[in-house]
Amino acid sequence: MKNLFDLEGKVAVVTGGSRGIGAMIARGFVENGVKTYITARRAEELQATADELSALGECIAIPSNLGDLEGVENFAAELKSRESRIDILINNAGASWGAALDDFPESGWDKVMDLNVKSLFFLTQALLPPLRAGATDDDPARVINIGSINGLSYAPLQNYSYTASKAAVHHLTRQLAVDLAADNVNVNAIAPGFFPSKMTAHLLDHEAEMAADIPRRRIGTPEDAAGSAIYLCSRASAFVTGHVLVLDGGQDVSS
């Protein structure tokens, strides 16, 4: 029963890996011996994160724009030119849009759905050959989709396309998990609550107030995000697929 959480020598891809939850997960992987590719649109910021993490292990930056199919295909092609086997795919890249119901624009709907759902699906599809390549019954490849507690129940913020997209991510996770089980590819989702990120930056001034509404009385930390991802990508979770791991300190069940 030793080494149940050992990821040493694996290869991972983390989209949206330059900051927020993506960077937290990438750091956890790098520190645990995983060769980790990170991607995001802003090349300078991405490279800065890769440089920081490279002091801890192996982290490689590949800038990309996953907001359209061409960007997804180009990124996948670049990865496949470098790696014949990928053990872990973290689909974390995402966007949000807030506007009143009466004024919510089509552009805010399409941008969020394209990045949060469409690109997630087509990147997973494009990377299936290297994900299948090294996967075994005892050590499946892993796809982890980052959802949200806003995709589980009513969200008071007026971010309609975001909540709909995250609900779609959760259900797509279940669908893919069944269809890929025979290929030894486990597919799960993490539904985070309140973590520090660009999306929640406008709320961080009210962190104490936010934390008071969370049963654990605090917001999420890098260790929480990385630890959950490490569990779902390790031998400890080889029999877990098609599930949404809620990572919110009890917020969803208490609301």
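Just so it is clear, the structure is predicted and the values come from calculations on it, not from any experiment.

### Concerning the overall build of the protein
Inference 1: What the protein contains, in helices and strands, is nine helices and seven strands.
Inference 2: Rg of the C-alpha trace for the protein: 17 Å, near the compact-globule value of 18 Å for 255 residues, within the 12% margin.
Inference 3: Summarising its shape, the C-alpha atoms of the protein cover approximately 50 × 40 × 40 Å along the three principal directions.
Inference 4: Counting all 255 residues of the protein, 49% fall into the buried class.
Inference 5: The long-range share in the protein, meaning contacts at least 24 apart out of those at least 6 apart in sequence, stands at 72%.

### A few points about the pairing of strand β4 (residues 88-91)
Inference 1: Side chains Ile88 and Ile90 of β4 all project onto a buried face; the interleaved residues Leu89 and Asn91 project onto the opposite face, where all are buried too.
Inference 2: Of the strand pairs in this sheet, β4 and strand β5 (residues 141-146) are connected by four bridges, and their pairing is parallel. Bridge pairing links leucine 89 to valine 143 in β5.

### Overview of the pairing of strand β6 (residues 185-192)
Inference 1: When you tally the buried positions in β6, you get eight out of eight residues, the bulk of the element.
Inference 2: As judged from the six bridges shared by β5 and β6, these two strands associate in the parallel manner. Among the inter-strand pairings, asparagine 145 is bridged to a residue of β6, identified as alanine 189.
Inference 3: Regarding topology, helix α6 (residues 160-180) serves as the crossover connection from β5 to the parallel β6, and that connection is right-handed.

### Thoughts on the pattern of salt bridges
Inference 1: Inspection of every chain in the model, using the stated rule, returns 10 salt bridges.
Inference 2: Lysine 35 is the salt-bridge partner of glutamate 83, the closest N and O atoms lying 2.5 Å from each other. Here lysine 35 lies in strand β2 (residues 35-39) and glutamate 83 lies in the loop between α3 (69-82) and β4, a separation of 48 residues in the sequence.
Inference 3: Connected through shared salt-bridge partners, Lys10, Asp139 and Arg142 make up one network.

### A word on the packing of α3 against helix α4 (residues 106-126)
Inference 1: Running from amino to carboxyl end, α3 crosses α4 at an angle of 30°, the nearest separation of the two axes being 9 Å. Viewed along their axes, α3 and α4 adopt a mutual orientation that is roughly parallel. Two packed elements cross with a definite hand, and for α3 against α4 that hand is right-handed. Along its contact with α3, which presents Leu69, Val72, Phe75, Ala76 and Lys80, the element α4 presents Ser119, Phe122, Leu123 and Ala126.
Inference 2: For the contact of α3 with α4, the residue count by class is seven nonpolar, one polar and one charged.

Cut-offs applied
Residues numbered from 1 in each chain as written. Predicted model: local features only at pLDDT ≥ 70, side-chain atom pairs only at ≥ 80, totals over all residues. Heavy atoms only, no water. Helix = DSSP H or I, 4+ residues; strand = E, 2+ residues; numbered from the N terminus. Rg over C-alpha atoms; globule rule 2.2 N^0.38 Å. Buried < 20%, exposed > 50% of the residue type's maximum accessible area, 1.4 Å probe, protein only. Contact = heavy atoms within 4.5 Å. Pairing = 2+ DSSP bridges. Right-handed = clockwise from strand over helix to strand, strands pointing away. Salt bridge = Lys/Arg side-chain N within 4 Å of Asp/Glu carboxyl O. Axes fitted to C-alpha atoms, helices over the stretch in contact; angles between N-to-C directions. Parallel < 35°, antiparallel > 145°, perpendicular 65-115°, else oblique. Left-handed = near helix turned anticlockwise from the far one by under 90°. Nonpolar A, V, L, I, M, F, W, Y, C, P; charged D, E, K, R; others polar.

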